[in-house]
Amino acid sequence: MKKFMAMTMAMVMAAMALTGCGGGDAASGDIPVIGISQYGQHASLDNCREGFLLGLEEAGLVEGVDFEIDYQNAGFDDNIATQIAQNFSANDVALMCAIATPSATACYAAAEDKDIPVIFTAITDPEQAKLTGGNITGTSDKLPIEAQLQLIREMQPDAKTIGILYTTSEPNSVSAVAEYQEKAPKYGFTIEAMGVMTQAEVNQAADTMISKGIDCMTNLTDNNVVGVLPSILEKTNDAGIPVYGSEIEQVKLGCVASAGIEYVGLGKQTGAMAAKILKGEAAAADMPYETVEAFEIYVNPEAMAAMNLNAKVENAIDVTAE
């Protein structure tokens, strides 16, 4: 009888423990999990993630009720990005959100066998990155390169050579460099492009670029380069070489100006697409990726003054006034 009573009490206690373990649908595993893989930590990618969550919220979805988030950061390491994607697949997440190309490529590969939908953001050229077939969709942040060239010519009428640092293994960067090289002659520029393989090579490449006597540099949305932008700016400021960003956060950091998109808005658009997938209103495979074409001109008057740039750019947004 004592043994029976003890067993009964143990079963009651176990049941009570399970009931109190987080409670609700989350404990029973009914809430779909979104795995967010962010390639690295810098402001524009952080803004994409923030916007993605806002997009889900604006679509009427509530975290903890309609979805849970498993957020992972790869620290600009391709191997870690692959591990993150494989873990998402092993855990059977409901959807993978990949921020930046290396994370998107890894998630796409890991999700394919299980047909887990993947939604990407901050991908300049999804076709070049081979992210356009299968259960995948998302948003492109294609650079307004012609507008950037116009801006540089307006701010530096006598400039001849534009330097670009880029990662040779990142399809978006390779595509953007090719477009710069194609369009630069129309504005009287030549492009001095220098490729790197890893983030550790970027600072040395910046020294070499400066030694070539370039008139200015322009950034891409290249994660290895943007990830160490403050150290690049320290070198270019000492050399008196203006650097143009590719979006607002780079201008806030000290680039002189940029023709670029706003990344919270890009993330919102991605979140709205993800919400349709989670609600069962659409399948990723049936949703073409979307390109954000609207852009703004951003200027940093303090950085401009340090480079003796006096151009008055019409309709520009002063990032120091925010």
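Before reading further, recall that the structure is shown in the block above.
Residues numbered from 1 in each chain as written. Predicted model: local features only at pLDDT ≥ 70, side-chain atom pairs only at ≥ 80, totals over all residues. Heavy atoms only, no water.

Right, let's get into the packing of aromatic side chains. For any pair of aromatic rings, geometry is given as the distance between the ring centres together with the angle between the planes. Summed over all chains, the structure comprises one aromatic pair. Measuring from ring centre to ring centre gives 5.7 Å for Tyr39 and Phe76, while their planes differ by 90°; the resulting arrangement is edge-to-face. Placement of Tyr39 in the loop between strand S1 (33–38) and helix H3 (43–58) and of Phe76 in the loop between strand S2 (68–73) and helix H4 (78–90) is noted, with a sequence separation of 37 residues between them. Considered together, Tyr39 and Phe76 belong to a single accessibility category, that of buried residues. Cation over ring: Arg49 sits above Tyr71, and NZ or CZ is 4.4 Å from the ring centre. We note Arg153 situated over the ring of Phe189; from NZ or CZ to the ring centre the distance is 3.9 Å. (Phe/Tyr/Trp six-rings, centres within 6.5 Å; stacked < 30°, edge-to-face > 60°. Helix = DSSP H or I, 4+ residues; strand = E, 2+ residues; numbered from the N terminus. Buried < 20%, exposed > 50% of the residue type's maximum accessible area, 1.4 Å probe, protein only. Lys NZ or Arg CZ within 6 Å of the ring centre and 35° of its normal.)

One can find Ala206 in helix H8 (residues 202–211). When its relative accessible area of 0% is taken as the criterion, Ala206 is described as buried. Ala206 sits 42 residues away from Ile164 along the chain, and the two C-alpha atoms are 9.3 Å apart. The contacts of Ala206, once residues within four sequence positions are left out, are Leu165, Ile232 and Lys235. (Contact = heavy atoms within 4.5 Å.)

Turning next to the side chain of Thr121. Relative to the helices and strands, Thr121 is located in strand S4 (residues 118–123). You can call Thr121 buried: its relative accessible area is 1%. Of note is the side chain of Thr121, whose polar atom sits 3.2 Å from the side chain of Thr270. Those residues in contact with Thr121 that sit more than four places away from it in its chain are Cys48, Ala98, Ile99, Ala100, Thr139, Leu266 and Thr270. (Polar contact = N/O pair within 3.5 Å; in protein donor to acceptor, adjacent residues only side chain to side chain.)

Attention shifts here to the nonpolar core. Grouped together as the largest cluster of nonpolar side chains are 47 residues, with contacts concentrated most on Ile34, Phe52, Leu56, Met96, Cys97 and Leu131. Those elements giving two or more residues to this core turn out to be S1, H3, H4, strand S3 (95–99), helix H5 (101–111), S4 and helix H12 (263–278). If we ignore the near neighbours within four places in the chain, the residues touching Phe52 are Ile34, Ile36, Cys97, Ile119, Gly267, Lys268, Thr270, Gly271 and Ala274. Within the second largest apolar cluster, 31 residues are counted, among which are Tyr180, Cys216, Val299 and Val313. (Core = buried A, V, L, I, M, F, W, Y, C linked by side-chain atoms within 4.5 Å.)

Before going further, it helps to spend a moment on the sheet that holds strand S13 (residues 317–318). If you trace the three strands from one edge of the open sheet to the other, you get S10-S12-S13, paired in mixed fashion. Of all strands in the sheet, those bounded by a partner on one side alone are strand S10 (257–260) and S13. Where strand S12 (residues 296–299) lies against S13, two bridges are found, and the strand directions are parallel. The residue of S13 that forms the bridge with Tyr298 is Ile317. Against the sheet, helix H6 (residues 145–155) engages S10 and S12, with an angle of about 155° to S10. (Pairing = 2+ DSSP bridges. Axes fitted to C-alpha atoms, helices over the stretch in contact; angles between N-to-C directions.)

A few words now on empty space enclosed by the protein. Applying the stated rule across the entire model yields three cavities of 30 Å³ or more. The computed volume of the largest cavity comes to approximately 60 Å³. If you list the elements that add at least two residues to the lining of the largest cavity, you get H3 and helix H9 (223–226). Residue composition of the lining of the largest cavity, by class: five nonpolar, five polar and two charged. Every residue lining the second largest cavity is listed: Thr124, Asp125, Lys142, Leu143, Ile145, Ser175, Ala176 and Glu179. For the lining of the second largest cavity, the element with the highest residue contribution is helix H7 (residues 171–183), accounting for three residues. Here the residues of the lining of the second largest cavity are counted per class, giving three nonpolar, two polar and three charged. (1 Å grid on protein atoms, 1.4 Å probe; cavity = no way out; pocket = protein on both sides within 12 Å on 5 of 7 lines; lining within 4 Å. Points joined across faces, edges and corners; volume = space filled by probe spheres on them. Nonpolar A, V, L, I, M, F, W, Y, C, P; charged D, E, K, R; others polar.)

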